[in-house]
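Coordinate analysis (summary)
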Amino acid sequence: MSRSHFIGGTVDPGFESVKKLFIKNFELGSDENSQFCVYVGERKVIDLWGTLNKTDGYNADTLTTVFSSTKSITAIMMAMARDRDLLEYSDKISKHWPEFAQGGKEDITIADLMRHEAGLANLSNPLEIEDLLPENIKKNAAGEKLVRCVPSYPEGGKREYHAFSRGCLANEIMRRVDPLNRTLGEFLQKEIASKLQADVYIGCNKPEYFDVKNMPFMFAMKEGLKKQFGLQSATESTLSNMLGFLYLIRNMMKNKPSVNGFTDFTAVNQSLVRATELPSVNGNCSARGMAVLAAALANKGNFQDTRLMKETTWNEMHSDPTPGNAAGGEFLFTKGGVAFFNEGLREGYFGWFGYGGSVLQWNPSLKIGFAYTCTYLFPFGVLNLKAAEMQAEVVKCLKNMKNPGEK
């Protein structure tokens, strides 16, 4: 059933079909508040936002939590550290953090960590939320617990999705290699956000924030049943696939939490959690802000005279994509810790996505920088297919146009 909604923003000629897909999400009930921004080259070609309620304060610049889309931001910062010769991906983590070399972690490299192959997906010595406040990170509250963790690997390989831990470990590396001993959140503000005028934060209590919420269980099940029978649906998964995903999540929950106090995904709405630095999970961003970062990566590290990294570093960051299981699926992860999609709706894109729906990705061959955020979270899948359909449609539109992305 179509619902009343408001859509604001602009779309360049030739991309009208993408806007129709964005609107369709509201009509089907899979979106309540969302933002969608796309660059081609350095030109912003799509800048849309939508809401069910124009009076609730949500707009094109509202911040919300983008969950694991934050991992792409962390990967960009680690690549910038590589660009400044502060580290190499092949370095053992203990080269920069000597205390890390204990309990079987002596040979773990930065590339292992970025590819989710460090054996630390489930921390044997969990962190507390308060450990991740910037002032406590600098007191080594998280670091002293992380060094005591013992790695464990899944049967048949090294890769296991480091949902929370990758960002926490990367933060400890960054603040040791950075000449100013900055955390990732501080580095993000000084070296990226302020230079690109991008609203992207890790560790933030700005008031322009809109809470996330999960799609109600019974509504999702009903929509999944409709999907099962080939009907239009607000969900990306069939009922049977949802039940399989619930089984996967239940098995994952048998493990100790990596961060005590992070009781469920809506915990990100709490002011304490927002103030922490969880560089794998709690990025507070707008789609406009993320799209600028995506555009810089689509243009091999450069955007409007601001260079984040040299092209040689960009090439290294995107090199050597290797297969393995992550978040319940098979993905290719590069040396720099971003996924490469070599087939399907996202063919040609790099980057990652976040729990519930968000996406931060780029397609360098077509110079597409793509970002999507939402507050209404689909909790029974990880592929974020409604965004993937828009990504594919952007590509289709470009291939039908002449001279796309010209200023």
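Brief notes about the environment of Lys-300
Here Lys-300 is to be found in the loop between helix H12 (287-298) and strand S10 (302-303). A relative accessible area of 30% means that Lys-300 is categorised as partly exposed. Along the sequence, Lys-300 and Lys-92 sit 208 residues apart, while their C-alpha atoms lie 26 Å from each other. Setting aside chain neighbours within four positions, we find Lys-300 in contact with Arg-307, Met-309, Glu-311 and Trp-314.

A closer look at the nonpolar core
Ile-76, Met-77, Ile-192, Phe-262, Leu-297, Met-317 and Trp-362 are the most contacted members of the largest nonpolar core, which has 83 residues in total. Counting residues per element, this core draws most heavily on H12, at 10 residues. In terms of nonpolar packing, the next biggest core, distinct from the first, is built from 31 residues, Ala-326, Ala-339, Cys-374 and Ala-387 among them.

Notes on the pairing of strand S15 (residues 350-353)
Sheet faces and side chains relate simply in a regular strand, where the side chains alternate between the two faces. Burial of the side chains of S15 extends over both faces: Phe-350 and Trp-352 are buried on one face and Gly-351 and Phe-353 on the other. Across 4 bridges, the pairing between S15 and strand S16 (residues 359-363) is antiparallel. Residue pairing across strands places Phe-353 opposite Val-359, the latter belonging to S16. Where S15 hands over to S16, the hairpin turn is made up of 5 residues, of which Gly-356 adopts a positive phi near 90°.

What to know about the packing of aromatic side chains
One pass over the full model with this rule turns up 25 aromatic pairs. On the numbers, 6.5 Å between centres and 70° between planes, the contact of Trp-314 with Phe-350 is edge-to-face. Of this pair, Trp-314 sits in helix H13 (residues 311-317) while Phe-350 sits in strand S15, placing them 36 residues apart in sequence. Accessibility assignment for this pair places Trp-314 and Phe-350 in one class, buried.

Comments concerning the packing of helix H1 (residues 16-28) against helix H14 (residues 385-399)
Taken N-terminus to C-terminus, the directions of H1 and H14 make an angle of 170°; their axes are 9 Å apart at the nearest point. Here H1 is positioned roughly antiparallel relative to H14, judged by the angle of their axes. As H1 runs across H14, the sense of the crossing is right-handed. Contacts between H1 and H14 involve Ser-17, Val-18, Leu-21, Phe-22 and Asn-25 from the first element and Lys-386, Glu-389, Met-390, Glu-393, Val-394 and Cys-397 from the second.

Observations regarding a nonpolar patch on the surface
Together, Leu-225, Phe-229 and Leu-231 make up an exposed nonpolar region whose accessible area comes to about 330 Å². Within the secondary structure, Phe-229 sits in the loop between helix H9 (217-228) and helix H10 (239-252).

Some details on the sheet that holds S15
On the basis of which strands lie adjacent, the open sheet formed by 9 strands has the order S1-S3-S2-S17-S16-S15-S14-S13-S12 and antiparallel pairing. Both outer strands of the open sheet, strand S1 (6-11) and strand S12 (322-326), are each paired with one neighbouring strand and no more. Sheet analysis places S12 next to strand S13 (residues 329-333), joined by 5 bridges and oriented antiparallel. Each residue of the ladder has a partner; that of Gly-324, found in S13, is Phe-331. On the sheet, H14 packs against strand S2 (33-40), strand S3 (43-51), S16 and strand S17 (368-374) and is oriented at approximately 150° with respect to S17.

Some words on the pairing of S17
For S17, the tally of buried residues reaches 7 of 7 residues, placing the bulk of the element in the interior. A two-sided burial pattern is seen for S17, the buried positions comprising Ile-368, Phe-370, Tyr-372 and Cys-374 on one face and Gly-369, Ala-371 and Thr-373 on the other. Relative to S17, S2 is paired through 7 bridges, and the arrangement is antiparallel. Considered in S17, the bridge of Phe-36 is made with Tyr-372. Connecting the antiparallel pair S16 and S17 is a turn made up of 4 residues, with Lys-367 showing a positive phi of about 55°.

So, the sheet that holds strand S6 (residues 200-202)
Strand order in this open sheet of 3 strands is S4-S9-S6, and the pairing throughout is antiparallel. What marks the edges here is a single partner per strand, and that holds for strand S4 (64-65) and S6. By the bridge criterion, 3 bridges tie S6 to strand S9 (residues 283-285) in an arrangement that is antiparallel. If you follow Ile-202 over to S9, its bridge partner there is Gly-283.

Procedures and definitions
- Residues numbered from 1 in each chain as written.
- Predicted model: local features only at pLDDT ≥ 70, side-chain atom pairs only at ≥ 80, totals over all residues.
- Heavy atoms only, no water.
- Helix = DSSP H or I, 4+ residues; strand = E, 2+ residues; numbered from the N terminus.
- Buried < 20%, exposed > 50% of the residue type's maximum accessible area, 1.4 Å probe, protein only.
- Contact = heavy atoms within 4.5 Å.
- Core = buried A, V, L, I, M, F, W, Y, C linked by side-chain atoms within 4.5 Å.
- Pairing = 2+ DSSP bridges.
- Phe/Tyr/Trp six-rings, centres within 6.5 Å; stacked < 30°, edge-to-face > 60°.
- Axes fitted to C-alpha atoms, helices over the stretch in contact; angles between N-to-C directions.
- Parallel < 35°, antiparallel > 145°, perpendicular 65-115°, else oblique.
- Left-handed = near helix turned anticlockwise from the far one by under 90°.
- Patch = residues over 30% accessible without salt bridge, like charges linked within 9 Å, V, L, I, M, F, W, Y side chains within 5 Å.
- Areas by Shrake-Rupley, 256 points an atom, 1.4 Å probe, with all protein chains shown as cover.
- Salt bridge = Lys/Arg side-chain N within 4 Å of Asp/Glu carboxyl O.

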